[in-house]
Amino acid sequence: MAHSLKRFSGSIGRTIRYKLNNLPLFQKMLFIVLNNVFLIVVLSLLSLCLCAAAYNRLLYQTTAGNLTHSAYTISDSLKSIEAVSSSIIAAPEIQSSLSDIAESDDRAAWTNANKIINNSLQMYHSSVKDNGVSFLMIQNDHFHNSTYTVWKNKLSQESLQAAVRAAEGKKGAAAWIPADPGSNALLMSREIRKIDNVDLSHLGTLIIYVDLNQIIRKANAAAAQFSDSQYILCTGNSRIYVPEAFSREEIEKIVSSSLEKYQTLTLDSHSYFTVRNTIPDYGMDYYSLVSYDEITRTLHSSMAFIFFMLFAGVILIVVISYCLIRSILKHFNILIGKMDTFSRNEAALLSTKYDSDYAYRKDEIGRLHQCFERMTERIQHLVNTNYVNEILAREAQIKALESQINPHFLYNTLESINWRAKAAGNREISLMTESLGALLRAALSNKKSLVTLSYELNLIQCYITILQIRFEERLDYRTQIPEHVKDALIPPLTLQPLVENSIHYALEEIMETCYITIMAEAIPEDACDSTPRLRILVKNSGSAFDDNLLELLRTERKQPNRSGIGLLNIDKRIKLLFGDAYGLSLYNEEDCAVAAIIIPYCTEEPVSC
């Protein structure tokens, strides 16, 4: 029974593998994507459940951190008020006016001093209005100067005297005390002492009435996430600030039950998150409360939004994956089409509208297309090369048949002419005969595919020798070639047709002297080209090449003559031997026609040459 079950399960596994292996590539990739999406969704849901549990544990800390920031906002507001108070008690106009009142009994001087004090207080009051300052007051032995004329409606005489006593106890430092009970206000008082000559005598007392409602609103604005939070401020058993939203009993319950730094409280069937802390530098305890009902609703809304985004993300992933897979497989289908075409006709030129894109792509698809294109080009190149070589070989056979003359008979005849010229003392005829013999021997006897540059130069020297006897001073031939370059290998009879072309188009067409110069240099390998190259220049004066002459000859837009066929033949031979990166180029430079040859630099005949 167990054996049968094992065999049955193995059969099912083989069937599944067989079907999967024979699925189209599109369905395989889509199947992989859908499996991954399913796993991601399952893992995301599990992670979301774990995150929700962790969120419930960390929510207290996060909320407490946001609410704690409001304590620093309240502290900053109180510090800015202290900074302004320091400017007030040290202001020269305040100091001088209070000194005039203390040291003089002149009523007119008092009136003028009071006016200056009131104007100064109004100016300073405008700078601290945003920090909850309702009014500023300076009390001295004779007057009360205040920016609020009916200050007695807000400040009782008992609170005023308590502020004065607190300032005396601080001896010039800022003293903070609660204002009248239920006012939700603070009083800041500072003793004003005479600064001139370090007298430090008592001149008066600065009292600042601070409305905490405005500071609390500013703190709520700083904690924008919990802008509806409520605050309770206490010093010991005194309640400095209590919100109207809670009754006295609820306030006492909050203060007495907030033993932990943060916790939740239930008041009137509503849950509140409570943070207890101390305002830095002022020793006041504050209790910040935010509705926990809203946080719960926010949490539920966030969870619903996360589920919606997860569902929408799955749909979006499936749609995008579908489109991307189709876009990728499209290029494979194009490659398969190319292969089918090439398999039917390997000589066909395989080109599509996408080829230009594949040439610059660096991914695997681009590399596949590029490798296939290189393979087809290589095959076509081999086919064309063999075909061209076969044609050239047949042309050579025909030419050999047309000029079927025994080379030895020709050499012997020239030797006889040379011997008779020497016997007759005719040096020029002897020199021409020797040079012509050397030319014919090189042209008919050399069977090598490559010869040294020095061999080619000797051949050209024989050719120039014959022409110099003919044209005398009108032909100026020079070479500028380093000795170490002369061992480089080049195709035979490469430079002689170029010199012959210079003679034909320059020397035979003008009456002035024709200057012909052959130069060569080795170009070392660099970062762009790892193969050293040899550059040979043949320059001549008295003529100029047409623009794009080789291209015009190739496309038969210019009918070639004998020299034009020779130029095309040189370029074709170089490309067949070394590749399309090398060849012949024609251009004009400083009233000279220049034929430039670029070939690999080598002194032996390896495969690469």
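For the structure itself, consult the block above.
Reading guide: rules and limits
- Residues numbered from 1 in each chain as written.
- Predicted model: local features only at pLDDT ≥ 70, side-chain atom pairs only at ≥ 80, totals over all residues.
- Heavy atoms only, no water.
- Helix = DSSP H or I, 4+ residues; strand = E, 2+ residues; numbered from the N terminus.
- Buried < 20%, exposed > 50% of the residue type's maximum accessible area, 1.4 Å probe, protein only.
- Contact = heavy atoms within 4.5 Å.
- Areas by Shrake-Rupley, 256 points an atom, 1.4 Å probe, with all protein chains shown as cover.
- Pairing = 2+ DSSP bridges.
- Axes fitted to C-alpha atoms, helices over the stretch in contact; angles between N-to-C directions.
- Parallel < 35°, antiparallel > 145°, perpendicular 65-115°, else oblique.
- Left-handed = near helix turned anticlockwise from the far one by under 90°.
- Nonpolar A, V, L, I, M, F, W, Y, C, P; charged D, E, K, R; others polar.
- 1 Å grid on protein atoms, 1.4 Å probe; cavity = no way out; pocket = protein on both sides within 12 Å on 5 of 7 lines; lining within 4 Å.
- Points joined across faces, edges and corners; volume = space filled by probe spheres on them.

Draft legend 1. Main features of the overall build of the protein. A tally of regular secondary structure across the protein gives 16 helices and 17 strands. Out of the 609 residues in the protein, the part that is buried amounts to 38%. Of the contacts formed within the protein by residues at least 6 apart in sequence, a portion of 61% connects residues at least 24 apart. Split by element, the accessible area of the protein, about 35,900 Å² in all, is 56% carbon and sulfur.

Draft legend 2. Just the sheet that holds strand 5 (residues 202–211), in detail. Spatially, the five strands line up as an open sheet ordered 2-1-5-4-3, and their pairing is antiparallel. Here the strands that pair on one side only, and so sit at the sheet edges, are strand 2 (144–146) and strand 3 (175–178). Each neighbouring strand pair of the sheet contributes to a mean axis angle of 20°, computed without reference to strand direction. Two strands pair when backbone bridges link them, and strand 3 and strand 4 (residues 185–193) are joined in this way by four bridges, in the antiparallel orientation. Note on strand 4: the bridge partner recorded for Ile177 is Leu187.

Draft legend 3. Looking closely at the sheet that holds strand 8 (residues 262–267). Taken together, five strands build an open sheet; the order of strands is 7-6-10-9-8 and the sheet is antiparallel. What marks the edges here is a single partner per strand, and that holds for strand 7 (238–241) and strand 8. The average angle at which neighbouring strand axes cross in this sheet is 30°, direction not considered. Note that strand 8 and strand 9 (residues 270–279) share six bridges and pair antiparallel. Counted as the bridge partner of Thr264 is Phe273 from strand 9. Set on the sheet, helix 7 (residues 248–257) makes contact with strand 6 (230–235), strand 7, strand 8, strand 9 and strand 10 (284–291); between it and strand 8 the angle comes to about 155°.

Draft legend 4. Representation of the environment of Phe26 within the structure. For Phe26, the position within the fold is in helix 2 (residues 25–90). Every residue in contact with Phe26, bar those within four places of it in the chain, is listed here: Tyr322, Ile325, Arg326 and Leu329.

Draft legend 5. Spatial organisation of the packing of helix 13 (residues 453–471) against helix 14 (residues 496–507). Close contact between helix 13 and helix 14 brings their axes to 10 Å; oriented N to C, the two are set at 20°. Classified by the angle between their axes, helix 13 and helix 14 sit roughly parallel to one another. As for how helix 13 packs across helix 14, the hand of that crossing is right-handed. Contacts between helix 13 and helix 14 pair Glu456, Ile460, Tyr463, Ile464, Leu467 and Phe471 from the former with Gln496, Val499, Glu500, Ile503 and Leu507 from the latter. In terms of residue class, the contact of helix 13 with helix 14 is made up of eight nonpolar, one polar and two charged.

Draft legend 6. Region of the structure containing the side chain of Ser75. Note on placement: Ser75 falls in helix 2. Beyond its immediate stretch of four places on either side in the chain, Ser75 contacts Ile279, Pro280, Asp281 and Tyr282.

Draft legend 7. Representation of empty space enclosed by the protein in the model. Counted by the stated rule, this structure contains one cavity of 30 Å³ or more. Roughly 40 Å³ of internal volume is contained in the largest cavity. Looking at the largest cavity, the residues that line it are Leu498, Asn501, Ser502, Val538, Asn540, Phe545, Leu567, Ala593, Val594 and Ala595. Those elements that provide at least two residues to the lining of the largest cavity are helix 14, strand 15 (533–541) and strand 17 (592–600). Class assignment for the residues of the lining of the largest cavity results in seven nonpolar, three polar and no charged.

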